[in-house]
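Residue strings, one per chain:
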Amino acid sequence: MRPSVVYVHGNGNKVRPDLLKSQWDTALFGRDMGAASRMAYWAPVRYPAPLPDHRPDPLDGGPEPAKGSPAGLEGRATNASAAVPPPEEFVARTLDEARQETGGTAPERRARPDEDALADWLRDMTYLADTLAHTEAAPEPGPADALPLEVVPLPRPGRTALFRALVQHAFKDVYAYFFGGAGPAMRAVMQEALDGLDGGPLVVVGHSLGTVIAYEVLREQQRNVALLVTVGSPLAITEIQDRLARPPAVPDGVAAWRNASDLRDLVALDHTLRPEYAPEDRVTDVLVTNDSRNHHSIDAYLSQHPVREPVLRIFGDGPG
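I will try to describe carefully the structure that is included in this document. All values derive from a computational prediction rather than experimental measurement.

Below, the discussion takes up the overall build of the protein chain. Each helix and strand in the protein chain was counted, giving 11 helices and six strands. A burial count over the protein chain gives 52% of its 320 residues as buried. Put simply, of all contacts in the protein chain between residues at least 6 apart along the chain, 76% involve residues at least 24 apart. Of the roughly 13600 Å² of accessible surface on the protein chain, 53% is carried by carbon and sulfur atoms.

And the structure:
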């Protein structure tokens, strides 16, 4: 029986599911894998319609249009830095928006200690985002004509806005998953994607919040999985582990777990799952280079050799 791969996408709205699946196939295998791959497409749980086919995904580092304006981040980036609110103001506003989106009110929710813990993750992401935006503007020491460290070709306010867009979207979807009642519906999409597989070797690949969804479903189902791949994952974050339905552990049936992250990825603030997820001999943590604009892009992760190699080994030449 041939291997299969089930993908679980990450935070934010996405393009239509067949196109998204094909994009992941191309990044990971170099070609469309047809029926050998499936996408657990949970975006409709949170978003009424998919992104247009050719619009860059803001969560992959593409420009995000401002509300009421067709201009992207590049169009806003030349504004004065005063347009960028202080970190604590941004954190408070994002938390309030998350409450409102999920039907809660700020006074009722603010007293919950479990929410306060998740807010700590939001705060850490925000400060790292601002630090990264500042660092990427600084030139490296050396000759006057040496190349600067800059990665994102935007002035600092634009870089800050770019990284904060990732923080804001990532937090809101994670908040909806844990506190807004969206978790069961998201997991049901993953469970449906697993149904009807023919019993051949199974690979599960999750990105960002998709790693949490995949992990919790596999913990519950105890399905045999040849390889679990998580990229840009928050599963090593204490505040996320505290919200999981079951204590951290390698899901029963998962033979091997490959976890990859970039040190600059704001979502994956902690980069090692071992030894929190025992038995640790099944888990391999690797650091890779994700040179997308916000260092969280799925395409940049799937194209890395330490991510692709164990998957391709299971598939061999893949389906004909």
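The phi angle of most residues is negative, glycine excepted, and most peptide bonds adopt the trans form. Here the amide bond leading from R274 into P275 is cis, since omega sits at 0°, within 30 degrees of zero. With respect to the helices, strands and loops of the structure, P275 is situated in the loop between β5 (257–261) and β6 (283–287). Here the amide bond leading from A278 into P279 is cis, since omega sits at 0°, within 30 degrees of zero. Looking at the secondary structure, you find P279 in the loop between β5 and β6. One non-glycine residue, S208, adopts positive backbone phi at about 55°. You can see S208 is positioned in the loop between β3 (202–207) and α8 (209–221). Exposure remark for S208: the relative accessible area of 1% places this residue in the buried category. Positive phi, close to 65°, is recorded for H295, a residue that is not glycine.

Among the residues making up helix α11 (residues 305–315), those that are buried are V307, P310, V311 and F315. Around the axis of α11, the buried residues are gathered within 140° of arc, so they sit on the same side. Exposed residues pointing more than 90 degrees away from the buried face of α11 are listed as H305 and R313. Buried-residue contacts for α11 involve β1 (4–8), α1 (17–29), β3, β4 (227–231), β5 and α10 (298–302). At the exit of α11 stands G316, carrying a positive phi of roughly 60°.

A word on the environment of T126. On the secondary structure map, T126 appears in helix α5 (residues 113–135). Measuring from C-alpha to C-alpha, the distance between T126 and T160 comes to 9.4 Å, with 34 residues separating the pair along the chain. Polar side-chain contacts of T126 include one of 2.8 Å to the backbone oxygen of L122.

Further remarks concern the packing of aromatic side chains. Taken as a whole and assessed by the stated rule, the structure comprises nine aromatic pairs. With a centroid separation of 6.5 Å and an interplanar angle of 40°, the aromatic rings of W121 and F171 are classed as tilted. Linking W121 in helix α5 with F171 in helix α6 (residues 156–179), this pair joins segments that are 50 residues apart in sequence. In this pair, the class of W121 matches that of F171, namely buried. Taken together, the ring pairs in this structure connect W121, F171, Y175 and F179 into an aromatic cluster. A cation over an aromatic ring shows up here: R46 above the ring of Y47, its NZ or CZ 5.8 Å from the ring centre. One Lys or Arg, R164, reaches over the ring of F90 and ends 4.8 Å from the middle of that ring.

Burial within β3 is extensive, with six of its six residues counted as buried. Of the two faces of β3, the one holding L202, V204 and G206 and the one holding V203, V205 and H207 are both buried throughout. Of the strand pairs in this sheet, β1 and β3 are connected by five bridges, and their pairing is parallel. Residue pairing for β3: V5 is matched across the bridge by V203. In this region the chain leaves β3, passes through α8 and returns to the parallel neighbour β4; the handedness of that crossover is right-handed.

Quick notes on the rules
Residues numbered from 1 in each chain as written. Predicted model: local features only at pLDDT ≥ 70, side-chain atom pairs only at ≥ 80, totals over all residues. Heavy atoms only, no water. Helix = DSSP H or I, 4+ residues; strand = E, 2+ residues; numbered from the N terminus. Buried < 20%, exposed > 50% of the residue type's maximum accessible area, 1.4 Å probe, protein only. Contact = heavy atoms within 4.5 Å. Areas by Shrake-Rupley, 256 points an atom, 1.4 Å probe, with all protein chains shown as cover. Arc of directions from axis to C-beta. Polar contact = N/O pair within 3.5 Å; in protein donor to acceptor, adjacent residues only side chain to side chain. Phe/Tyr/Trp six-rings, centres within 6.5 Å; stacked < 30°, edge-to-face > 60°. Lys NZ or Arg CZ within 6 Å of the ring centre and 35° of its normal. Pairing = 2+ DSSP bridges. Right-handed = clockwise from strand over helix to strand, strands pointing away.

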